[in-house]
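Report on the structure
Each chain is listed here by its residues.
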Amino acid sequence: MASESKTAVAAALAGNTALMLLKAVAAATTGSAAMLAETFHSLADTGNQILLFVGMRLSERPPDRTHPFGYGMNTYFWAFVVSAMLFTLGGAFAIWEAVHKFMRPAENAASPAAFFVLAGAFVFEALSLAVALHSAHGARRGRPLLRFVRETRDPTLPTVLLEDSAALASIIVAVAGLGLTRMTGEPRWDAVASALIGLLLIAVATFLAYENYSLLLGEPATAELEQTMRERLAADPAVRDIVSLQTMHLGPTAVLVSARVWFRPELTAREIEDAVRRLEDAVHTALPGTRRSMIVIEPARPDAVSHAA
């Protein structure tokens, strides 16, 4: 999962850096509000990828005394910064520029150079999206794409997917706005396109901010994964019942698992110790793609079963 995320982020970073420079030149020469909004969109995307790399890099630091469970939450924090700040600031600036150009339209906004740059941008963004979709194909393990975006505990791939999808949509909006400007001679269509691009960025920012905020608070493993762990625990001959199972992601590849298990009463203390080790191994193998797991198996008293129910 980590390698797929890095590949997608690297492809998006390379493409957006080049596009940002091309769009900036076109915006400066045409005065188009839509092109300037696209420039800041690509600038925001470039900053996004840099911050996602920072988060992935910092999350790989090993646990220490001050952070005994590791630094996996760095991925969630920097992804939240990406969604809450860069996207939102890019969207707000696009709307501000739309208001400015609506009052003072640019006469040369719909020049051929703007369409040429947007065509090239569409190709680059489509290639970047194709790389992200290919990376997500191996990570989602047969799940529908929308379900994968909602359930994954690694925010980097969904962020890139949504960035590239929003980028393609905003290019289409920019082409439509400049096209209407050229056909009708009304330059305010360019400003309308900039406003729509800003609203699109803010909508994506809101969705990503909500998802990453939830991850920062601490989300459990998926219901499917928890069910697999329960089945692995219940399959051990030493287990009579599972009193409780609680999980929390400490990062995309780090999971905390706490289970209270009612062992069979005839077991000796040594047999229970051996069973606990077996159960820890069984839970660990049920966590695909997890590089670090903290598993606590706690023997429960028989009367705890009724209390847990």
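Quick look at the structure, then. (Residues numbered from 1 in each chain as written. Predicted model: local features only at pLDDT ≥ 70, side-chain atom pairs only at ≥ 80, totals over all residues. Heavy atoms only, no water.)

Structural notes on the overall build of the protein chain
Stated precisely, the cut-off is as follows: Note on conventions: DSSP H or I runs of at least 4 residues are helices, E runs of at least 2 residues are strands, and numbering of each starts at the N terminus. Taken over C-alpha atoms, the radius of gyration is set against a globule rule of 2.2 Å times the number of residues to the power 0.38. Burial here depends on accessible area, computed with a 1.4 Å probe over protein chains only, as a share of the maximum for the residue type. Under 20% is buried, over 50% is exposed, and the range in between is partly exposed. Should any heavy atoms of two residues lie within 4.5 Å, those residues are counted as being in contact. Accessible surface is estimated by sampling points in the Shrake-Rupley manner with a 1.4 Å probe; for residues, cover comes only from the protein chains shown.
Scanning the protein chain from N- to C-terminus turns up 10 helices and 3 strands. Each helix (α) and strand (β) of the protein chain, taken in turn from the N terminus, gives the series α-α-α-α-α-α-α-α-β-β-α-β-α. Its C-alpha atoms give the protein chain a radius of gyration of 25 Å, clearly above 19 Å, the size a compact globule of 309 residues would have. Here the protein chain holds 309 residues, and the buried ones make up 46% of them. Taking the intrachain contacts of the protein chain between residues at least 6 apart in sequence as the baseline, contacts between residues at least 24 apart amount to 75%. Accessible surface computed for the protein chain: about 14,800 Å², of which carbon and sulfur atoms make up 65%.

Topic: the sheet that holds strand S1 (residues 239-251)
So the rule is basically this: One requirement defines pairing of two strands: DSSP has to find at least two bridges between them. Structural elements are reduced to axes, namely lines fitted to C-alpha atoms, with helices fitted over the stretch in contact, and the angle between N-to-C directions of any two is expressed from 0 to 180 degrees.
Judged by pairing direction, the sheet is mixed, and its 3 strands sit side by side in the order S1-S2-S3 without closing on themselves. Because the sheet does not close on itself, it has two edges, and the strands there are S1 and strand S3 (292-299). Here the strands of the sheet are splayed against their neighbours by 15° on average, with no regard to which way each runs. Bridging between S1 and strand S2 (residues 254-263) involves 10 bridges; their strand directions are antiparallel. Along S2, the bridge assignment pairs Val 239 with Phe 263. Contacting S1, S2 and S3, helix H8 (residues 223-234) crosses the sheet at an angle of about 145° to S1. Its contacts with the sheet place helix H9 (residues 269-285) against S1, S2 and S3, and it is angled at close to 145° to S3.

Observations concerning the environment of Leu 201
Tracing the backbone through its elements, the reader meets Leu 201 in helix H7 (residues 188-217). When sequence neighbours within four positions are dropped, the list of residues in contact with Leu 201 reads His 41, Phe 87, Gly 90 and Gly 91.

Quick notes on H7
Using the following cut-off: For a helix, the expected span equals 1.5 Å multiplied by the number of residues minus one.
Here H7 spans 44 Å end to end across 30 residues, near enough to the 44 Å set by a 1.5 Å rise per residue. Positive backbone phi, approximately 110°, marks Gly 218, located one or two places after H7.

Quick notes on the nonpolar core
Inclusion rule: Definition of nonpolar core: a set of buried residues of the types Ala, Val, Leu, Ile, Met, Phe, Trp, Tyr and Cys, connected through side-chain atoms within 4.5 Å.
Membership of the largest hydrophobic core comes to 22 residues, with the highest contact counts inside it found for Met 35, Phe 87, Leu 118, Ala 174, Leu 178, Ile 197 and Val 204. Listing elements by their share of this core, those giving two or more residues are helix H1 (2-30), helix H2 (33-59), helix H3 (73-103), helix H4 (112-140), helix H6 (156-184) and H7. The element that contributes the greatest number of residues to this core is H7, accounting for 6 residues. The contact partners of Ile 197, leaving out residues within four places of it in the chain, are Ala 34, Ala 37, Glu 38, Ser 170, Val 173 and Ala 174. Within the second largest apolar cluster, 21 residues are counted, among which are Leu 225, Val 255, Ala 275 and Ile 295.

Re the side chain of Glu 97
Position of Glu 97 relative to the elements: it lies in helix H3. Contacts of Glu 97, omitting those with residues within four sequence positions, involve Ala 33, Leu 36 and Ser 194.

Some remarks on the packing of aromatic side chains
Applicable threshold: Aromatic rings from Phe, Tyr and Trp, taking only the six-membered ring of Trp, are treated as a pair when their centres fall within 6.5 Å; an angle between ring planes under 30 degrees marks them as stacked, one over 60 as edge-to-face, and anything in between as tilted.
Considering all chains together, one arrives at 2 aromatic pairs under this definition. Centroid distance Phe 77 to Trp 78: 5.1 Å. Interplanar angle 80°. Geometry classified as edge-to-face. Using a relative accessible area of 41% as the deciding quantity, one classes Phe 77 as partly exposed. Of the residues examined, Trp 78 reaches a relative accessible area of 22% and is grouped as partly exposed.

Notes on the packing of H8 against H9
This is how the line gets drawn: Angle categories are assigned with fixed cut-offs, so that under 35 degrees is roughly parallel, over 145 is roughly antiparallel, 65 to 115 is roughly perpendicular, and the rest are oblique. Left-handed describes a crossing whose near helix is turned anticlockwise from the far helix through less than a right angle; right-handed describes the clockwise counterpart. As a working rule, the residues Ala, Val, Leu, Ile, Met, Phe, Trp, Tyr, Cys and Pro are called nonpolar, Asp, Glu, Lys and Arg charged, and the rest polar, with Gly in that last group.
Put simply, H8 and H9 touch, their axes get as near as 9 Å, and they point 150° apart. Classified by the angle their axes make, H8 and H9 are roughly antiparallel. Crossing geometry of H8 relative to H9 is assigned as right-handed. Contacts from Met 229, Arg 232 and Leu 233 in H8 reach Leu 279, Ala 282, Val 283 and Thr 285 in H9. Grouping the amino acids of the contact of H8 with H9 by side-chain chemistry returns 5 nonpolar, 1 polar and 1 charged.

Structural notes on the side chain of Thr 156
Going by this rule: In protein, a polar contact means a hydrogen-donor-capable atom and an acceptor-capable atom, both N or O and within 3.5 Å, with residues adjacent in sequence counting only if both atoms are side-chain atoms; elsewhere, any N or O pair within 3.5 Å suffices.
Mapped onto the secondary structure, Thr 156 falls in helix H6. Thr 156 sits in the buried class, given a relative accessible area of 0%. Reaching out from Thr 156, the side chain makes a polar contact with the side chain of Asp 154 at a distance of 2.7 Å.

Everything listed here is a matter of geometry and, on its own, says nothing about what the molecule does.
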